[in-house]
Amino acid sequence: MRPDSAADATLDKAADENFPVAPAFLPRAWRDDLMAVYGYARLVDDIGDGDLAPGGADARRLGVSPEQADDRLVMLDALEADLHQVFDGTPSHPLLAALQPTVRRRALTPEPFLGLLRANRQDQLVTGYETYDDLLAYCELSANPVGRLVLAITGTSTPERIRRSDAVCTGLQIVEHLQDVAEDLGRDRIYLPAEDMRQFHVAEADLAAPTAGASVRALVAYEADRALRLLNEGTPLVGSVHGRLKLLLAGFVAGGKAAVHAITAEKYDVLPGPPKPTKLRLLREVGATLRGEG
């Protein structure tokens, strides 16, 4: 079942990601399945962030009354109920209807999809993380399931590849958090560990400034280095596969590394807006990753 125009708008957000979601060089079947998974993941995030298209169409598709359409936890519960229909019945939302053939074709299990839901429920209840380990536990739900789904769709899952994939996905998530410090603060969320903020003498008010002071820049540099180390830890994943999948995974890794470079180029001042890598930098990082230089 093809998603409708409103769902297509959700899928269009793939162009804004730090990494290629389903590039044209992949086999058509892979592209279709990756976009189906992306559509679900994007819908979950849009519900959790309050970024759904106006008009309440998504709520209607999920059977949520107009009075409750702005209640994100209610919407996430309704989405979970529709997710179960992907595996056991007929889902109502067009993005989940589009996901059902992928789930059946690739014999996917509910766990990674439920992990993404749990992460977004957590976002409604938790405004910050005390330690880096706490943040990693959140990334285990919010990011790592996506990489595991990519491996499952391409039939390349092994324990070692999953471990490397988790490192890449967590690194990508941390980079995204660094790019979006100001935006997340506007949503009453801080993904910089509280213990690190204390170490660098950064208060919440410092994150609300129009530009970053020296302490905030030092903190961002510290977290960016952590993210880069995770991306480097996961880079051998690229060399463990072949063909077009190798290029896809190189794009994931390179997207994260190019974003770190963009943050560094701004001297770690992420508060005016998300530093974005240039296409040239992304291509350079892809080449370096494919050559095993990362």
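Quick notes on the rules
- Residues numbered from 1 in each chain as written.
- Predicted model: local features only at pLDDT ≥ 70, side-chain atom pairs only at ≥ 80, totals over all residues.
- Heavy atoms only, no water.
- Helix = DSSP H or I, 4+ residues; strand = E, 2+ residues; numbered from the N terminus.
- Buried < 20%, exposed > 50% of the residue type's maximum accessible area, 1.4 Å probe, protein only.
- Polar contact = N/O pair within 3.5 Å; in protein donor to acceptor, adjacent residues only side chain to side chain.
- Core = buried A, V, L, I, M, F, W, Y, C linked by side-chain atoms within 4.5 Å.
- Contact = heavy atoms within 4.5 Å.
- Salt bridge = Lys/Arg side-chain N within 4 Å of Asp/Glu carboxyl O.
- Expected span 1.5 Å × (residues − 1).

## As for the environment of alanine 98
Counting through the fold element by element, alanine 98 comes out in helix α5 (residues 94–106). Along the chain, alanine 98 and tyrosine 38 lie 60 residues apart, while their C-alpha atoms are 11 Å from each other.

## Observations regarding the side chain of threonine 235
Assignment of secondary structure puts threonine 235 in the loop between α13 (214–234) and α14 (236–239). For threonine 235, a relative accessible area of 7% gives the class buried. Among the polar contacts listed, one links the side chain of threonine 235 to the backbone oxygen of leucine 231, at a separation of 2.7 Å.

## Brief notes about the nonpolar core
Ranked by internal contacts, the top residues of the largest apolar core, which has 76 residues, are Tyr40, Leu79, Phe113 and Leu207. When neighbours within four sequence positions are excluded, leucine 79 is seen to be in contact with Tyr40, Leu43, Val44, Ile47, Leu62, Leu96 and Leu117.

## Quick word on the pattern of salt bridges
Counted by the stated rule, this structure contains 23 salt bridges. One salt bridge in this structure joins glutamate 160 and arginine 164, with 2.9 Å as the shortest N-O distance. In this pair, glutamate 160 and arginine 164 both sit in helix α9 (residues 159–179), four residues apart, roughly one turn of the helix. The class for glutamate 160 is partly exposed, based on a relative accessible area of 39%. Each of the salt bridges in this network shares a partner with another, and the network as a whole consists of Asp49, Asp51, Asp123, Glu183, Arg187 and Arg189.

## Concerning helix α6 (residues 111–125)
Two residues of an α-helix separated by three or four positions point the same way, owing to the 3.6 residues in each turn. Here α6 contains 15 residues, and its C-alpha end-to-end distance of 21 Å stays within 8% of the 21 Å for a straight helix at 1.5 Å per residue. Residues Pro112, Phe113, Leu114, Gly115, Leu116, Leu117, Ala119, Asn120, Arg121 and Asp123 constitute the buried set of α6. For α6, the secondary structure elements touched by its buried residues are α2 (28–49), α4 (72–88), α5, α7 (132–142) and α8 (144–153).

That is the geometry; function is a separate question.
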